[in-house]
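# Coordinates in review
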Amino acid sequence: MAAYLCPPAVIHGEHTVKTSEIVAEVRGRHPHAPWAPRIDGIAASTGIDSRGWMLPLEAAVAPGGGSGLRDGGVGPAREALVRDGFTEQDVDRVITALEAIPAPQTVQERTAPAWAAVRSYGEHAARGALQIAGLDAADVDCLITSHSTTPALPGLDIALANKLPLRNDVMLLPATQWACIAGTRSLALAADLVAADPDRVVLVVIAEALSTTYQPSDDTLESLIVRLLFADTAVAAVVTGRPRPESVLRLDAAWHHTLPGTQDLHRLETRADGTHFVMDRRGPRAVQETVTAMWEWLRVRYQDDPGSWHPDVLLAHPGGTRVLEYMEQTMPDGWPSGLLDHSRDSYTSGNRGGAAVFDIMRRAHDAGQEPGSRAVLYAAAPGLTATALEGEWL
């Protein structure tokens with residue numbers, strides 16, 4: 001396996017949303033929640049001061065176009081009130097009051113503008129990646145896309161094929177459900193594709209509007225944490241089977257790992273008011289199991305040179321600070337400190353889901369890496385499933 005990666009293009013959400021704004025909005029909406037007295041401490045523990053969203057906070061918390069009475073519900077409501085003995089005057093007052101109650105946004109109201117943003121940001125990132133690689137859209141032989149928070153059919157692959165535009169014979173590989181693992185798994189797939197044909201040019205595009213999981217009416221502690229964590233980002237990069245002048249990283253090996261019986265720990269659920277990301281407190285511990293398995297993969301891969309080999313940078317998207325801490329605590333003895341510095345830096349402005357590893361890679365590239373330095377890329381996603389890659393800076 002040898003695949004060559006050009007520097008990624010990273011497009012952050014243009015609307016800066018401060019943690020203090022989220023705290024104020026949630027506190028005003030849920031003043032009596034059990035966790036309300038601890039909200040400042042919970043927010044501070046994330047280590048995130050602000051994050052970029054594709055749409056403003058106001059778009060996430062705005063009421064829907066309907067009312068407290070669903071479409072077609074006025075007649076049945078009036079009949080029910082009359083049967084219960086309400087006078088005609090009282091019925092009119094109740095109906096008027098119910099109609100004045102704003103309804104939550106529907107799935108369509110919440111998702112449609114986000115989907116438009118995902119396509120726009122994805123196109124911007126794709127064009128940026130091609131420019132960085134010194135290529136045109138006509139040079140692309142395969143397009144891999146992912147956008148788990150705005151499911152659509154046709155998806156981002158078709159949108160980009162028409163917008164860029166791509167050749168009619170380009171292989172389109174959409175992977176909507178990869179979520180947080182999209183960065184590493186797309187690169188592993190791209191590496192397989194160019195291994196089969198070294199002349200192939202693969203374009204990877206990941207665009208995630210994770211802010212669509214911000215659900216104002218949800219008063220659970222897990223929902224509060226979700227509101228505080230996520231950022232919106234679009235990323236893209238070109239992968240080739242032969243080195244180019246613009247190539248900065250060679251990918252040498254890939255590893256995949258799935259934990260059985262963990263499919264319910266983290267998941268997306270579509271409800272009447274939109275998409276909810278459901279977290280389980282057992283999740284970080286399960287993610288740690290994949291980290292342990294990755295260390296074993298690296299140990300076996302370099303068992304003939306255990307004392308002198310180590311990565312010079314670790315581009316890891318584990319989803320939270322707890323797993324970053326676990327990774328540091330369980331690294332093999334003798335590995336240098338600071339391997340996760342770029343991962344931590346990325347996380348201070350939000351969890352970017354599938355776009356995270358590309359953002360971390362961009363930060364590492366911009367900071368400067370010595371040719372010959374070794375890199376390990378890692379991500380885990382709901383499932384729980386993980387993919388890692390190992391390679392060398394050029």
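Residues numbered from 1 in each chain as written. Predicted model: local features only at pLDDT ≥ 70, side-chain atom pairs only at ≥ 80, totals over all residues. Heavy atoms only, no water.

## Focus: the overall build of the protein
Operational definition: Only runs of H or I of at least four residues qualify as helices and only runs of E of at least two qualify as strands under DSSP, and these elements are numbered from the N terminus. Here the globule rule reads 2.2 Å times residues to the power 0.38, and the radius of gyration is calculated from C-alpha atoms. We call two residues contacting when some pair of their heavy atoms lies within 4.5 Å. Here the accessible surface of atoms and residues is derived via Shrake-Rupley with a 1.4 Å probe, and residues count as covered only by protein chains that are part of the display. Only four residue types enter the tally: Lys and Arg on the positive side, Asp and Glu on the negative side, with His and both chain ends excluded. To locate a charge, take NZ of a lysine, CZ of an arginine, CG of an aspartate or CD of a glutamate.
A count of helical and extended segments in the protein gives 13 helices and 14 strands. Compactness check: the protein gives a C-alpha radius of gyration of 23 Å against a globular reference of 21 Å for 394 residues, within 12% of the reference. Principal axes of the C-alpha set define a box for the protein whose edges measure 85 × 50 × 35 Å. Long-range pairs, those at least 24 residues apart, make up 80% of the contacts in the protein with a sequence separation of at least 6. Accessible area for the protein stands at about 17200 Å²; split by element, carbon and sulfur atoms hold 52% of it. Separation of charge centres in the protein, based on 33 positive and 49 negative side chains, amounts to 2 Å.

## Quick look at the side chain of Thr149
How we decide: Relative accessible area decides the class of each residue, using a 1.4 Å probe on protein chains only: under 20% of the type maximum gives buried, over 50% gives exposed, and in between gives partly exposed. Nitrogen and oxygen atoms within 3.5 Å of one another constitute a polar contact, given that in protein one can donate a hydrogen and the other can accept it, and given that sequence-neighbouring residues count only through two side-chain atoms.
By the secondary structure assignment, Thr149 is in the loop between strand S5 (142-146) and helix H7 (156-163). Thr149 sits in the buried class, given a relative accessible area of 3%. At 3.3 Å, the side chain of Thr149 and the backbone nitrogen of Ala209 are in polar contact. When near neighbours in sequence (up to four residues on either side) are disregarded, Thr149 contacts Glu208, Ala209, Leu210, Thr212 and Thr275.

## A look at the pairing of strand S10 (residues 267-271)
For the record, the criterion: Between any two strands, at least two bridges found by DSSP are needed for them to pair.
Taken together, the five bridges between S10 and strand S11 (residues 274-278) define a ladder with antiparallel strand orientation. Bridging across to S11, Leu268 finds its partner in Phe277. In sequence, S10 turns back onto S11 through a hairpin of two residues.

## Structural notes on the nonpolar core
Filter applied, for reference: Residues belong to a common nonpolar core when they are buried Ala, Val, Leu, Ile, Met, Phe, Trp, Tyr or Cys residues joined through side-chain atoms within 4.5 Å.
Counting residues in hydrophobic clusters, the biggest one holds 39 residues, and the most contacted among them are Leu187, Val202, Met361, Leu377 and Trp393. Residue contributions to this core peak at seven residues, all from helix H8 (residues 182-196). Ignoring anything within four residues of it in the chain, the contact list for Leu187 reads Leu5, Val239, Leu251, Phe358, Met361, Leu377 and Leu389. Counting residues in hydrophobic clusters, the runner-up holds 32 residues, among them Met54, Ala117, Ala161 and Val170.

## What about the side chain of His276?
Along the chain, His276 turns up in strand S11. Given the relative accessible area of 4%, His276 is considered buried.

## Describing the UniProt feature "domain: Chalcone/stilbene synthase N-terminal" (unreviewed entry) in the protein
Selection criterion: UniProt positions are given in the numbering used here, feature names are shortened, and annotations may be inferred rather than shown by experiment.
Per the UniProt entry, the sites bearing "domain: Chalcone/stilbene synthase N-terminal" (unreviewed entry) are residues 105-242 in this numbering. The straight-line gap between the two end C-alpha atoms of residues 105-242 is 49 Å; of that span, 43% is helix and 20% is strand.

## So, the pattern of salt bridges
Just so we agree on the cut-off: Every case where a carboxyl oxygen of Asp or Glu lies within 4 Å of a side-chain nitrogen of Lys or Arg is listed as a salt bridge.
A full pass over the atoms with the stated rule returns 22 salt bridges. In this structure, Arg93 and Asp90 form a salt bridge, with 2.2 Å as the shortest nitrogen-oxygen distance. Taken together, the residues Arg93 and Asp90, both in helix H5 (residues 88-100) and three residues apart, mark about one turn of the helix. The class of Asp90 is partly exposed, set by a relative accessible area of 24%.

## Topic: helix H11 (residues 321-330)
Quick note on the threshold: The arc refers to the directions leading from the helix axis to the C-beta atoms.
Within H11 the residues assigned to the buried category are Val323, Leu324, Tyr326 and Met327. Here the buried residues of H11 occupy an arc of 160° about the axis, which is enough to place them on one side.

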